[in-house]
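These are the residues of each chain, in order.
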Amino acid sequence: MDSNTVKLDESWKQLLIQEFSKDYFVKLKQFLLNEKQNRQTIYPPGNKIFAAFDYTPFDKVKVVILGQDPYHGTGQANGLCFSVAPGIKQPPSLQNIFKELENDLGISPPVSGDLTPWARQGVLLLNATLTVKANQAGSHQNQGWEVFTDKVIQLLSDHKEHLVFILWGKYAQGKETFIDKQKHLIIKSAHPSPFSAYSGFFGSKPFSKTNSYLISKGISPVNFAL
């Protein structure tokens, strides 16, 4: 993974190209190489690690949803936070997101947990850590990915206006420091995990709040139906 081999939408590549040669990213690449040499299974597949950027070019971003790290079960992670590939059972957090979507906008829970249609409309579904070892949650944290994705958040805040940042749970809310609250809307609540969804996620109406803000700024709303 370097400026020549990273598969990344061109609009993002121009902004992030300097990151690929920095010490932390060089060490991250070596860490991932070592994992592969040790025959570790890594999710998502290599061609989907940067899927969030490929589906949502920089100039198209209008909403950012922050996750922590990819799902670590077989076939789950597809490079978009909270999303799973078609045909994969929806994890509990995603089920709760769809419950709140129904409560908020009256949209019935979809059969598929694939959030690609959101990404194509300008919803950047960004995990702080972009890879994970199979069956080991959080196993690739603190290896450099967070430095990279913090830079992404900073670039979005600095170079764009009237974005909506949706921060579910304490981890995502820790990224608030990178966001200019004068230029953007921040929506915060508990995480949709079953452990916390009843502590402020349900009833938080993030989807209607997002679209109300976008419309107020003359930006087309997101069709959250899947």
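Above this text sits the structure in question.
The structure presented is a predicted model; accordingly, all values stated were derived computationally and were not measured. (Residues numbered from 1 in each chain as written. Predicted model: local features only at pLDDT ≥ 70, side-chain atom pairs only at ≥ 80, totals over all residues. Heavy atoms only, no water.)

Q: What is the right way to read the pairing of strand E3 (residues 123-127) from this model?
A: The side chains of a regular strand alternate between both faces of the sheet. The buried fraction of E3 amounts to five of the five residues, a majority that puts the element mostly inside the structure. Burial of E3 is two-sided: the residues Val123, Leu125 and Asn127 facing one way and the residues Leu124 and Leu126 facing the other way are all buried. Here strand E2 (residues 63-67) pairs with E3 via five bridges, running parallel. By the bridge assignment for E3, Val64 is matched with Leu124. (Buried < 20%, exposed > 50% of the residue type's maximum accessible area, 1.4 Å probe, protein only. Helix = DSSP H or I, 4+ residues; strand = E, 2+ residues; numbered from the N terminus. Pairing = 2+ DSSP bridges.)

Q: What should I look at first to understand unusual backbone geometry in this one?
A: Only a minority of non-glycine residues have a phi that is not negative, and only a minority of peptide bonds are not trans. The omega angle of the peptide bond from Tyr43 to Pro44 is -10°, so this bond is cis rather than trans. Tracing the backbone shows Pro44 in the loop between strand E1 (42-43) and helix H3 (51-55). The phi torsion at Arg39 lies on the positive side, around 60°, for a residue other than glycine. Given a relative accessible area of 78%, Arg39 falls into the exposed group. Its identity is not glycine, yet Asn135 carries a phi of approximately 65°, on the positive side.

Q: Sorry if this is basic, but what is going on with helix H8 (residues 206-216) here?
A: Structural remark: α-helix, 3.6 residues per turn; residues separated by three or four positions point the same way. Listing the buried residues of H8 in full gives Pro206, Phe207, Thr210, Asn211, Tyr213 and Leu214. With its buried residues spanning 160° around the axis, H8 presents them on a single face. Residues of H8 that are exposed and point over 90 degrees away from its buried face: Ile215 and Ser216. Tucked into the core, H8 has its buried residues touching E2, helix H4 (92-105), helix H5 (116-120), strand E5 (164-168) and strand E6 (185-189). (Arc of directions from axis to C-beta. Contact = heavy atoms within 4.5 Å.)

Q: Explain the sheet that holds E2 here, please?
A: What links the strands of a sheet is backbone hydrogen bonding, and the strands pair in either a parallel or an antiparallel sense. With parallel pairing, four strands are arranged side by side in an open sheet as E3-E2-E5-E6. Both edges of this open sheet fall to E3 and E6, since each of them pairs with a single strand only. Pairs of neighbouring strands in the sheet enclose a mean axial angle of 20°, with direction left out of account. As defined by bridge partners, E5 adjoins E6 across five bridges and the pair is classed as parallel. (Axes fitted to C-alpha atoms, helices over the stretch in contact; angles between N-to-C directions.)

From the geometry alone we can't say anything about function, so treat these as descriptive.
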